[in-house]
Structure formats: C-alpha cells, structure tokens
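What the coordinates show
Below are the chains, spelled out letter by letter.
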Amino acid sequence: MTQRASELPGERRAGAPGRGLTAAEVAERISRGEVNDVPVRSSRSLTEIVRANVLTRFNLIIGVLWVIMLCVAPIQDSLFGFVIIANTAIGIVQEWRAKKTLDGLAVIGESKPVVRRDGKAAEIHTSEIVLGDLVELGPGDKVVVDGTVAEADGLEVDESLLTGEADPVLKKTGDTVMSGSFVVAGGGAFTATKVGREAYAAQLAEEASRFTLVRSELRSGISTILKYITWMMVPTATALVISQLVVKDNNFKDSVARTVGGIVPMIPEGLVLLTSVAFAIGVVRLGRKQCLVQELPAIEGLARVDVVCLDKTGTLTEGGMDVTELRPLGGSGEPYLRRVLGAFGASEPRPNASLQAIIDAYPAPADGGWTTTGTLPFSSARKYSGAAFTEDGGASSAWLLGAPDVLLSEDDPALAEIGHLNEQGLRVLLLARARGALDAPDAAEGAEPAALVVLEQRLRPDAGRTLAYFGEQRVATKVISGDNAVSVGAVAAKLGMEGAEHPLDARRMPEDKDEMATAMEQNAVFGRVTPQQKREMVAALQSRGHTVAMTGDGVNDVLALKDADIGVSMGSGSEATRAVAQIVLLNNSFATLPSVVAEGRRVIGNITRVATLFLTKTVYSVLLAVLVVCFQVEYPFLPRHLTLLSTLTIGVPAFFLALAPNKERAHPHFVRRVMRYAIPSGVIAAAATFVMYQIARHHYSGTGALDAETSAATLTLFLVSMWVLAIIARPYTWWRICLVAAMGLAFLVVLAVPWLQDFFALKLVGSVMPWTAVGVAVVASVALEYAWRLVGRRFGG
C-alpha cells in the first residue's frame, strides 16, 4: 500500500538534487498552455446520453408508425408513441443520474501525484502538471505523463500495460518513463517532457475511463436478438401490409391501423431501456456505498464470478500493523538493534505497512547520528529490502530486512521458532547483517541473522462475515499472499475460512498450468506468492472455466488484477491498482464486495426474466402476423389493444421485476437461455389467440362482428400473457403476488367501466365467446406449464 503520511515532508532532505520549477516558471508554462489538460471523463456527456437514447433504429421505426397513426386513427391508437417518449425520458434521466454519481466518485478516487516545486513536495491534481515539472515516484505510483528520470533510487518500472512485457525495467537517471507505466520498487523523480494529449497513454487513459454499456454478454446478447428480430420483422411486416391494404377490401384507415397494430408489438423497445435503466440504477446504488464502477460491465461480470482471489494485506487485514516483540538472535543487544531499525526506517522515504510499524515503534533519534550510504528498495519478487550505514564511530554496516524463510537457509534452527509465531497469525520479519554489497544479485547470501521483528496484523472486523457470505453463495474464495503461508493460513482460520488449515507454499506450486489449476481448486490459502505467480494462478483458474475476481491494493497485485475477469481495488491502494481495476472500493471496505456481487446478480437475473417477457411478445406478434397473412383475414388487433396488453403484462411488471432483489448467480449463454423459454411461450400464446379469433369469426356476424371478435381474442391473449407473467414472477413473494393481481384487476376495470370500454374498443358480446376465450386460455396455460417444466428439466433451468 502506498503510504502518503510520510511523502510530503515539506522541504526535501538535504542533498536532493532537484528543487523543481519555481512558481514563476509554473505560471509562465500555464500561460503558454503547456498544461496536462487531457479531459478524462468518467461518463458520457448529456448530449451523448440523449443521442444514444433517442436515435435508435427501433425508435425511428416506431416514430414513423406513430406519425402515420396520428394522421389516420383516433388518439388511443397512438398511445404506443407516448409510451416510447416516456420510456426514452426515463432512460435519459436514469443515465444522467448514473453520470453524476460516476463523476462525483471519480473525483473522490482521483490519484494525486506528488510534484516538487521550489524545493517543496506537494500533492496536486493530474491536470495541474505542467511541462518541466519534477514529479516524484514511489512504489505503486502511476506515471501520469511522459518524462525523463531525474533521480533514481533502485527505481523499477513495470511497463506491461503498454508493452505487454511483464518484467520490471530498472530505470536510471536520463532514462525515459512513459505515462501508463507504474513503479514496482524503489523511488525517484522524473521531469515531465510531454503533457496533455502529447503523452503516450493520454488517449488510452481517457477512453478506458469512459462510462460504457458495451462489451458484455448481456448487451451483445440483446444486440444479437434485436438483429434477428429486424430480419424477421421486415419480411413479415411487408407481407402484413400487403395483406391488409391490398388483399382485403376494407376501410383504408382501419386497415392501416390494424397493420400498424401488427408491426409495433414485434419490437421489444422496452428491453433496451430496462437494461440501460438496470445498469444505471446499479451504478447509483453502488455509488451510495462508495463503490466506483469504472466499467459498467463489471457489475455483470461480478454476477458471474465463481472464484474470488483475495490478497491478505489490506483485504482481510487492515493496512496498519503493530510491532509486538523484538527477539535478538546471535549476540547483538536490543538497544543496538533498536538503533539499527530506527536508522533503517529513516532511510526509506516511502515505507510500506511493515516498515511503517517499525518506524512507529523505533523512531530514529532526533540528532540523527547514523548516515545512510546506500539503500535497496523493497521488492515483492525479492521479499526483502536493505540499507547501508556509517555508524556513530565511523564503522560501516549493511542490513537486510525481509522474509525469514527467504533470507535463511532451510535448515536454520530459527525457522522452527518463526513457524510457531506464524501459526499464531503473527507476521515475522528478519533483520540480518549483509556480508556483501546491497546491489549484488546474491546480497542475501550468507547474511547473519540479528533479530526477529514480530508484527501483529489487524483483522478487518467485517472480513469474516464477507467470507461467510461468499461461502453461502457457493463462490470459492482463495487467499493469495506474498506472506508466509502458515501465517496467512492462521489469519484466514481466525476468520473462519474453510480450508485455511492447509495452507500451501507457492514456492512448491507446480509450474504446469493444468497441475497448477488442480492445486488451486483443491486448496484455499497460498503464501509466498510472487506477483508473476498471482497472474499465473488467475490464468490457471480461468483455464478450468472459472470466472475469477481478484482483489488487491498493492503494486504486487496489478498483473493479476489486470488479467482477472474482474479486478477490484481498494481506494487507498496504489495508483497502479486503481488504474487497472474495474471496480474501486473507495471506502476500503472488503465488506462492500457482497453488495457489488448482489447488485450484479440482481441486474443479470432480472434482465433475463424480463427479456423473456418482451421476447414472448415479439414471437407471438410475428406468428400472429404470419397466420393472418396465410389465412388472409383481418389482423385481430388495433394498436390500442396491444398497448393495453403490453402495459399490463410486460411494461409495468417488467419495470418492477427488473429492479427486484435477485441472488441467483448469473449463467452464461444469455440468448439461448432466454429464447428457449420465449419461443415456446410465444408459439403457445399465438396459437391460442388465433384459434380463439377463428372460433369467434365463425360465431359472430353482422355489424360490429370484428370488434366482438377482437375483444374475445384480446381476452385470450391477455390471460395467456398473464400466465407467462405469473410463471416469470416465481418464486412468489407478497409484492410479486400483489403485482400480478394488480395487473389482472386493471384489465377487469377496463372491461367494467363503460368509457374505458369505448376508449380501448373492448366489449365482450354475449357469454359463450368470453367463456370460450377463458377455456382456450386455460388449455394454453396448461401447455405453458408443461413447456416450461420440459425446458427446465432438459436444460437445467
């Protein structure tokens, strides 16, 4: 975790080679426009939102049909146009709310680079950097503009996000650094040489941070469905137009109205709206919990996750630690060792969490005394850091601080003592005197153990409940940490994690991907994992078909976060982790993750439900049109009838069902899952309606016969559609039952109130045909139940 507390010392330490720009130089560059003014947006503009919601293919079709109906038919046959206007307005308002939420959260989560001006270091906004600024770097910091290295202290930069090369690059004074790369070890400073749109990764960064509703199975699945519907609709609608206007010698205006009534319901216009609204409301809900969704499909992705890989530090434990004990080894006295640790802490301007705990416990003397002559920054790959000093008496010494099982040989007797401490969940660091140069490849070779520093990690109070939640939801959790495996296992065991009693040391992990995948599936806790191994572990799980989420806050997690299906970063994590993660928990609470998973499941599960409703309507509308053309009869419905049916059996209930709680894990193959239910439902609804229409045609005759036939067919279609809704609303809760009942009651009101009868042209004539319509609907409902159960048994739900 990047430590900000010690990064802003005001004046730089004596000997710092660069004071940075002066205030006058900064003002001059600003006046010349040499500022990093790239407009990074977290969302679409209002113009783009309106354009995306208004200018759609189906809105154009419906708009043309609406204008036609306004010219040739009563206003009640044009109601579908007003519904589309309302739907579009709802979509714009909801996405605008999501935009404001995202913009607000993006400001909260924005990283602030440290820039040195007039010899003083200060945090500023990225957009305030000017050409020539001296920007400081530490572990986990992202390079925000292009530049040339001015100072380097073991500076290692990962450029994998730009070049694809995973190995860190050691940077020296004069080397170039590119925006989009990040620091994995060491520190330094660079001079900004390219700012604004000239920076290498500026356009990539802007595009990557945009609000988007694409690149998801759900969105692409709906697009595929709409494409097929368009192909079906064009020939069917053409045939229907010819049938109603040419073949039948009816009143022209009535024929046009019934033709439009056949075309409009083929379009599932509300499906796209509800998908957008569900995503947008998801963003707003998560935003209230301080969760920044940097890519909207991440909500969908988390709903499909079946494995969550957790980094221990900062996720299961809080960032801070406390030194509980200092155990001398060899012959050194404790006062001397305290002095060594104090000097060690003072040598590192950007300490990690472990070293910060040591600094708090053993602060360096105010008078200084020891002079730092060399440092070796901590690296996740090495597992240790180093520092060399000239002591009070002029003697020189070099020290290493890091993982005992890395610095000690396997047969060292101290490892047994360390093992007992690790079993208690304590973290142990070894302080050892180095024999050779710090920058030598074998710096740890032959190091003399001097002391054990015992640290106690602070468990997150909500971590246990969060792990239990994932267990209940059948989501496997894997703790992947760079710490000692036994220690990590002990921490996980304290939190009640299943499988924590058998931790696995990653140094013994098989290199073969298939064998590694087996080890990953069989174990839950892994220690001494290198950053590259984390990446390989994620890939191994993905090779077995798992959808993997990775959480982390340190620079050692970046590669794995980038490769995981969903990357989740803590808000206090390094700039690099926040840059590559799709979701940032700004409140740094691991306990927020269940809310994100639940939101994703709600969105995907509910959209799958309502998509079945919409596409059932499309299927029965197309089939009814085909049957009308084949039998050369009038289309049974006016637009007002289908507007009423769509509102009561699809529009209103779909809106409530799309926003309801839903904990079921999302399944793949969205299009297949929806169509395997929508097609039989639509076929049964169309068949029942057309059969009833034909029966009524043979029963009624004379003036008003067509209206009576239409009313009987409408009753059948409504009852069958209501049964589809009743099936989709399962499992029943009190509000779902009330929702279905309210829609049925609303239709009864239309049939019972005279002026509504006239408005919707619905009047049941006699008693024989209405009861026949009910009987046909009952038979169709039985067929629906059988078809749904058959599909459920054959395809597993």
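First, a word on scope: everything that follows refers to the structure included in this document.

1. Some details on the overall build of the protein
What the protein contains, in helices and strands, is 27 helices and 21 strands. Within the protein, buried positions represent 56% of all 797 residues. The contacts in the protein between residues at least 6 apart in sequence include a share of 73% that link residues at least 24 apart. In the structure as shown, the protein presents an accessible area of about 32,400 Å², 58% of it carried by carbon and sulfur atoms.

2. Re the sheet that holds strand E16 (residues 476-480)
Strand order in the open sheet made by the 8 strands is E8-E21-E20-E19-E9-E16-E18-E17, with mixed pairing throughout. Of all the strands in the sheet, just strand E8 (291-293) and strand E17 (504-505) have a single pairing partner and so form its edges. Pairing of strand E9 (residues 307-310) with E16, which is carried by 4 bridges, proceeds in the parallel orientation. Bridging across to E16, Leu310 finds its partner in Val479. Against the sheet, helix H16 (residues 485-494) engages E16, E17 and strand E18 (525-527), with an angle of about 145 degrees to E18.

3. Digging into the packing of aromatic side chains
All chains considered together, the criterion is met by 11 aromatic pairs. Here Tyr228 and Trp231 contribute two aromatic rings whose centre-to-centre distance is 5.4 Å and whose plane-to-plane angle is 70 degrees, an arrangement assigned as edge-to-face. Separated by 3 residues within a single helix, Tyr228 and Trp231 lie in helix H7 (residues 217-247), roughly one turn from each other. Owing to a relative accessible area of 42%, Tyr228 belongs among the partly exposed residues under this scheme. Aromatic side chains Phe759 and Phe760 sit 5.1 Å apart centroid to centroid with 80 degrees between the ring planes, which places their arrangement in the edge-to-face category. Here a set of aromatic residues connected by ring pairs shows up, and it is made of Tyr336, Trp370, Phe389 and Trp399. In this structure, Arg697 is placed above the aromatic ring of Tyr693, and the distance from its NZ or CZ to the ring centre is 5.8 Å.

4. Things to note about unusual backbone geometry
Note the cis peptide between Arg730 and Pro731, where omega equals -5 degrees. One non-glycine residue with positive phi stands out, namely Gln290, at about 60 degrees. By the element assignment, Gln290 lies in the loop between helix H9 (269-288) and E8. Of note, the phi angle at Arg474 is positive, near 60 degrees, even though the residue is not glycine. Inspection of the secondary structure assignment puts Arg474 in the loop between helix H15 (463-472) and E16.

5. Some words on the nonpolar core
The tendency in soluble globular proteins is for nonpolar side chains to be buried as a group. Counting 136 residues, the largest nonpolar core has Ile583, Phe590 and Phe747 as the members making the most contacts within it. For this core, the element with the most residues is helix H21 (residues 593-631), which contributes 16 residues. Among all residues touching Phe590, those that are not within four sequence positions of it are Leu310, Thr315, Leu316, Arg460, Ala463, Thr466, Leu467, Phe470, Met570 and Leu585. Listed in part, the 25 residues of the second largest apolar core include Ala506, Met509, Phe526 and Leu561.

6. Looking at the environment of Tyr469
Within the fold, Tyr469 resides in helix H15. Apart from residues lying up to four places away in sequence, Tyr469 is in contact with Pro594, Val597 and Ala598.

7. Thoughts on helix H24 (residues 705-728)
Look at H24: 35 Å from first C-alpha to last across 24 residues, which is about the 34 Å you get at 1.5 Å a residue. With 20 of 24 residues buried, H24 is to be regarded as a mostly interior element.

8. Comments concerning the pairing of strand E20 (residues 566-570)
By the criterion of burial, E20 is predominantly enclosed, with 5 of the 5 residues buried. The two faces of E20 match: Ile566, Val568 and Met570 on one face and Gly567 and Ser569 on the other face are all buried. With 4 bridges connecting them, strand E19 (residues 548-552) and E20 associate as parallel partners. Paired with Ala549 across the strands is Ile566, a residue of E20. Note: E20 against strand E21 (residues 583-585), 3 bridges, orientation parallel. Its bridge partner being in E21, Met570 is matched across the sheet by Leu585.

9. Some words on a nonpolar patch on the surface
Together, Leu46, Val50, Val54 and Leu55 give the surface a local cluster of nonpolar side chains, amounting to about 330 Å² of exposed area. With respect to the secondary-structure elements, Val54 resides in helix H2 (residues 46-54). You can call Val54 partly exposed: its relative accessible area is 34%.

10. A look at the environment of Val64
With respect to the helices, strands and loops of the structure, Val64 is situated in helix H3 (residues 57-72). The spacing of Val64 and Gly81 is 17 residues in sequence and 9.7 Å in space, taken between C-alpha atoms.

11. Examining the packing of H15 against H21
The geometry of H15 relative to H21 is characterised by a closest axis approach of 10 Å and an angle of 30 degrees between their N-to-C directions. For the element pair H15 / H21, the angle class is roughly parallel. Of the residues in H21, those touching H15 at Thr466, Tyr469 and Phe470 are Leu593, Pro594, Val597 and Ala598. For the contact of H15 with H21, the residue count by class is 6 nonpolar, 1 polar and no charged.

12. Some remarks on the side chain of Ser487
Positionally, Ser487 belongs in helix H16. Each residue touching Ser487, except ones within four places of it in the same chain, is listed here: Asn422, Gly425, Leu426, Arg427 and Gln457.

13. With respect to the pattern of salt bridges
The full count for this structure, using the stated rule, is 24 salt bridges. In this structure, Glu325 and Arg327 form a salt bridge, with 2.7 Å as the shortest nitrogen-oxygen distance. Looking at Glu325, the relative accessible area reads 31%, which means it is partly exposed. With a closest N to O distance of 2.8 Å, Asp483 and Arg427 form a salt bridge. With a gap of 56 residues between them, Asp483 in the loop between E16 and H16 and Arg427 in strand E14 (residues 427-433) connect regions that are remote in the sequence. Owing to a relative accessible area of 16%, Arg427 belongs among the buried residues under this scheme. Counted as one network, the salt bridges with shared partners bring together Asp405, Asp505, Arg507, Arg508 and Arg528.

14. Remarks on the packing of helix H14 (residues 414-423) against H16
The description of two packed helices rests on the angle between their axes and on the distance between the axes. Their axes nearest at 7 Å, the elements H14 and H16 cross at an angle of 20 degrees. Our classification of the angle between H14 and H16 gives roughly parallel. For H14 against H16, the interelement crossing comes out right-handed. On H16, the residues touching Gly419, Asn422 and Glu423 of H14 are Val486, Ser487 and Ala490. Considering only residue class, the contact of H14 with H16 consists of 2 nonpolar, 3 polar and 1 charged.

15. What about the pairing of strand E7 (residues 182-194)?
Burial of E7 is extensive: 10 of the 13 residues sit out of reach of the surface. Note: strand E3 (residues 134-137) against E7, 4 bridges, orientation antiparallel. In the strand pairing of E7, Leu134 is matched with Thr191. The pairing of strand E4 (residues 146-158) with E7 spans 10 bridges and is classified as antiparallel. In the strand pairing of E7, Val149 is matched with Phe190.

About the cut-offs
Residues numbered from 1 in each chain as written. Predicted model: local features only at pLDDT ≥ 70, side-chain atom pairs only at ≥ 80, totals over all residues. Heavy atoms only, no water. Helix = DSSP H or I, 4+ residues; strand = E, 2+ residues; numbered from the N terminus. Buried < 20%, exposed > 50% of the residue type's maximum accessible area, 1.4 Å probe, protein only. Contact = heavy atoms within 4.5 Å. Areas by Shrake-Rupley, 256 points an atom, 1.4 Å probe, with all protein chains shown as cover. Pairing = 2+ DSSP bridges. Axes fitted to C-alpha atoms, helices over the stretch in contact; angles between N-to-C directions. Phe/Tyr/Trp six-rings, centres within 6.5 Å; stacked < 30°, edge-to-face > 60°. Lys NZ or Arg CZ within 6 Å of the ring centre and 35° of its normal. Core = buried A, V, L, I, M, F, W, Y, C linked by side-chain atoms within 4.5 Å. Expected span 1.5 Å × (residues − 1). Patch = residues over 30% accessible without salt bridge, like charges linked within 9 Å, V, L, I, M, F, W, Y side chains within 5 Å. Salt bridge = Lys/Arg side-chain N within 4 Å of Asp/Glu carboxyl O. Parallel < 35°, antiparallel > 145°, perpendicular 65-115°, else oblique. Nonpolar A, V, L, I, M, F, W, Y, C, P; charged D, E, K, R; others polar. Left-handed = near helix turned anticlockwise from the far one by under 90°.

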